[in-house]
Amino acid sequence: MKTPILNKLMEIMDKERVSFHMPGHKGKSTLVQWEKLIPYIDTTELPGLDNLHDPTGIIKESQYLAAKTFGAKKTLYSVNGTTGGMYIALATLTRPGDKILIQRECHKSVYNGAILNKLKTEYIYTNYNRKHGLYTGIDPMEIESKLRNDPTIKVVVITYPNYYGICSHIEKIAEIVHRHNRMLIVDEAHGSHFIFSKKMPLPSLKAGADIAVQSIHKTLPSFTQTSMIHVGTDGVNIEKLNEMSSLYQTTSPSYLFMASLELARAYMEGEGKEKLNENIEHIYSLIESLKSVDKVKIFTGDEDDSTIYYRDITKILLGIEGLTGTQLSNILMDHYGIYMEMSDFNYSLALTSVMNEPDDFKELLYAVKDIASRVSEKPKTHEEPFIPKPIIELPIYEAYYSNKEEVSLKDSIGRISSTFVIPYPPGAPIICPGELITKELIDYIQFALDKGIEIIGLIGYNRGKIQVVK
């Protein structure tokens, strides 16, 4: 019997490893003995089990408890992840043909939502910090300018925090958006833990977000693909929200997923909150220790950068002089059994959660010290991304559904893209459907490929082609 996926998963399961990557449960069956429950509770809508698409019983009560915990006026479970949650949020607050203002470095799900809901897109750009070689936050006054000069924008979509744990001034952004009578959606996929500690950045719901979508599975002990949609203001049409949730979610929602969401919430209301604060202290200690290690660089967010308003310290961003972030991640995995969440040219990211133990942080400290002591290469300078601002020639949905043809990257210059080109991680497009392909963009794609960065959206032999509008 050939089962390549299962075989590989079992191979990984048998390895001793330290998890600094998603999901937030870190592969531990500690809250309940899931191995004794699966597959017995993987069921369908039997009598008494309620229905996610029209909850009147236990699911309704569970979602009410979640709303109470996270400070929402209403909470819906998304068993299609935050991707599905973003589709639902966008469909709730817009109509086909509307224009939305989105953070250019947002996740692909926001762009997909624009395609599905036939929305026009306008962009706000994240600051690139050249000193540290990464994207930080956005300037609220640029949103002010966009909304003042373009009354057709209906909704603003912000990522908070970004992959690196950097948070923009969300309170100021919410104030600006509402002063201009627009609506604010926050992709808070990486911030579901904020509400459980005063040492964390301000949750976007408290800042005034109309809708916040959270990937509970990223930073809390819940199964992959489990998220929540939170309503923060009275401006959201709840009836339409329910309709859009039913439209975009599977008609066979997983009770395992819903139970996992519920359990994560219940755990965090009790000992999870205390565990989070304990781990934050371990992280502070780890960072202070790493700062004293020769050749190690740590990004803490305490920088002269006005676009960094908060910083989520549970995301540890580190590098070693003489190594790229990707090289560091590979060494940690291959030689120390430590699996990091992501890496780029400059940094490797350790994504922590309440399920990490004190020994995890000790092992990371030992490994980084050991690696740094062995590096003899010359320090590498920061690489500039040189990603030019896009030139929009067609609405994103029009280009996506257009007649297409494949051309080589070289021959695509001057053509209109009909697809996405996305470096992973973090999953933010550098080219979207409807945008003009320029020499500068092709140069950046080649730069990323040369650095070993995975690029999604290229096709053909050696990924040397791209789809364009015919």
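See the structure printed just above.
I will try to describe carefully the structure that is included in this document.

Analysis parameters
- Residues numbered from 1 in each chain as written.
- Predicted model: local features only at pLDDT ≥ 70, side-chain atom pairs only at ≥ 80, totals over all residues.
- Heavy atoms only, no water.
- Helix = DSSP H or I, 4+ residues; strand = E, 2+ residues; numbered from the N terminus.
- Rg over C-alpha atoms; globule rule 2.2 N^0.38 Å.
- Buried < 20%, exposed > 50% of the residue type's maximum accessible area, 1.4 Å probe, protein only.
- Contact = heavy atoms within 4.5 Å.
- Salt bridge = Lys/Arg side-chain N within 4 Å of Asp/Glu carboxyl O.
- Pairing = 2+ DSSP bridges.
- Axes fitted to C-alpha atoms, helices over the stretch in contact; angles between N-to-C directions.
- Parallel < 35°, antiparallel > 145°, perpendicular 65-115°, else oblique.
- Nonpolar A, V, L, I, M, F, W, Y, C, P; charged D, E, K, R; others polar.
- Phe/Tyr/Trp six-rings, centres within 6.5 Å; stacked < 30°, edge-to-face > 60°.
- Lys NZ or Arg CZ within 6 Å of the ring centre and 35° of its normal.
- Patch = residues over 30% accessible without salt bridge, like charges linked within 9 Å, V, L, I, M, F, W, Y side chains within 5 Å.
- Areas by Shrake-Rupley, 256 points an atom, 1.4 Å probe, with all protein chains shown as cover.
- Core = buried A, V, L, I, M, F, W, Y, C linked by side-chain atoms within 4.5 Å.

### Points about the overall build of the chain
Stage number 1. On a plain count of helices and strands, the chain comes out with 16 helices and 21 strands.
Stage number 2. For 470 residues, the compact-globule estimate of 2.2 N^0.38 gives 23 Å, and the C-alpha radius of gyration of the chain, at 22 Å, lies within 12% of that figure.
Stage number 3. Reported as C-alpha extents along the three principal axes, the dimensions of the chain are approximately 60 × 55 × 55 Å.
Stage number 4. Within the chain, the fraction of its 470 residues that count as buried is 55%.
Stage number 5. Sequence separation of at least 24 residues holds for 73% of the intrachain contacts in the chain that already meet a minimum separation of 6.

### Examining the pattern of salt bridges
Stage number 1. What the rule picks out here adds up to 18 salt bridges.
Stage number 2. With a shortest N-O distance of 2.4 Å, Lys 315 and Asp 312 are connected by a salt bridge. In terms of burial, Lys 315 and Asp 312 fall into one category: buried.
Stage number 3. A salt bridge links Lys 439 to Asp 443; its shortest N-O distance comes to 2.9 Å. Here Lys 439 pairs with Asp 443, and both are found in helix 16 (residues 439–450), just 4 residues apart, close to one helical turn.
Stage number 4. Salt bridges here are not isolated pairs; linked through shared partners, they connect Glu 144, Arg 148, Lys 172, Glu 175 and Arg 179.

### Describing the sheet that holds strand 12 (residues 296–299)
Stage number 1. The strand order across the open sheet built from 4 strands is 12-14-17-16, with neighbouring strands paired in antiparallel fashion. The strands lining the two open edges of the sheet, one partner per strand, are strand 12 and strand 16 (342–343).
Stage number 2. Contacts from helix 14 (residues 358–374) reach strand 12, strand 14 (315–320) and strand 17 (348–351) within the one sheet, and its direction differs from that of strand 14 by about 15 degrees.

### Side note on the packing of helix 6 (residues 140–149) against helix 7 (residues 170–179)
Stage number 1. With their axes 9 Å apart at the nearest point, helix 6 and helix 7 run at an angle of 10 degrees to one another. Viewed along their axes, helix 6 and helix 7 adopt a mutual orientation that is roughly parallel. Contacts between helix 6 and helix 7 involve Pro 140, Met 141, Ile 143, Glu 144 and Leu 147 from the first element and Lys 172, Ile 173, Ile 176, Val 177 and Arg 179 from the second.
Stage number 2. Of the residues in the contact of helix 6 with helix 7, the class split is 7 nonpolar, no polar and 3 charged.

### Quick notes on the environment of Val 110
Stage number 1. If you trace the backbone, Val 110 turns up in helix 5 (residues 108–116).
Stage number 2. For Val 110, a relative accessible area of 0% puts it in the buried group.
Stage number 3. The spacing of Val 110 and Thr 219 is 109 residues in sequence and 20 Å in space, taken between C-alpha atoms.

### Focus: the environment of Tyr 64
Stage number 1. Position of Tyr 64 among the secondary structure elements: in helix 3 (residues 58–70).
Stage number 2. Taking the relative accessible area as the measure of exposure, Tyr 64 reaches 55% and is therefore exposed.
Stage number 3. Each C-alpha atom of the pair Tyr 64 and Lys 74 lies 6.9 Å from the other, and the pair is 10 residues apart in sequence.

### Considerations on the packing of aromatic side chains
Stage number 1. Taken as a whole, this structure holds 12 aromatic pairs when the rule is applied.
Stage number 2. Between Phe 20 and Phe 361, the aromatic rings sit 5.9 Å apart at their centres with planes inclined by 50 degrees, giving tilted as the arrangement. Pair noted here: Phe 20 is in strand 1 (residues 18–20) and Phe 361 is in helix 14, with a separation of 341 residues, a long-range link.
Stage number 3. Assessed through its relative accessible area of 0%, Phe 20 is described here as buried.
Stage number 4. An angle of 65 degrees between the planes, with centres 5.0 Å apart, marks the rings of Tyr 128 and Tyr 135 as edge-to-face. Each member of the pair Tyr 128 and Tyr 135 is classed as buried.
Stage number 5. The structure contains a cluster of three or more aromatic residues connected by ring pairs, namely Tyr 111, Tyr 123, Tyr 125 and Phe 420.
Stage number 6. When the ring centre of Tyr 347 is taken as origin, the NZ or CZ atom of Lys 297, which lies over that ring, is 5.4 Å away.

### Considerations on the sheet that holds strand 4 (residues 120–124)
Stage number 1. What the 7 strands build is an open sheet, ordered 2-11-10-9-7-3-4; its pairing is mixed. Each edge of the open sheet is held by one strand with a lone partner, namely strand 2 (74–78) and strand 4. Averaged over all adjacent pairs, the angle separating strand axes in this sheet is 20 degrees, with direction ignored.
Stage number 2. As paired strands, strand 10 (residues 211–214) and strand 11 (residues 227–231) are joined by 4 bridges and run antiparallel to one another. Note that in strand 11 the partner of Gln 214 across the bridge is Met 228.

### Topic: a nonpolar patch on the surface
Stage number 1. Taken together, Leu 6, Met 10 and Met 13 make up a surface patch of nonpolar side chains, about 310 Å² in accessible area.
Stage number 2. Inspection of the secondary structure assignment puts Met 10 in helix 1 (residues 4–13).

### Re the nonpolar core
Stage number 1. Among the nonpolar cores identified, the biggest contains 72 residues, and Ile 143, Leu 184, Leu 318, Ile 320 and Leu 364 are the most heavily contacted of them.
Stage number 2. At 8 residues, helix 11 (residues 255–269) tops the list of elements feeding residues into this core.
Stage number 3. Residue contacts for Ile 320: discarding those within four places in its chain leaves Lys 295, Val 296, Lys 297, Leu 328, Val 368, Ile 371, Ala 372 and Val 375.

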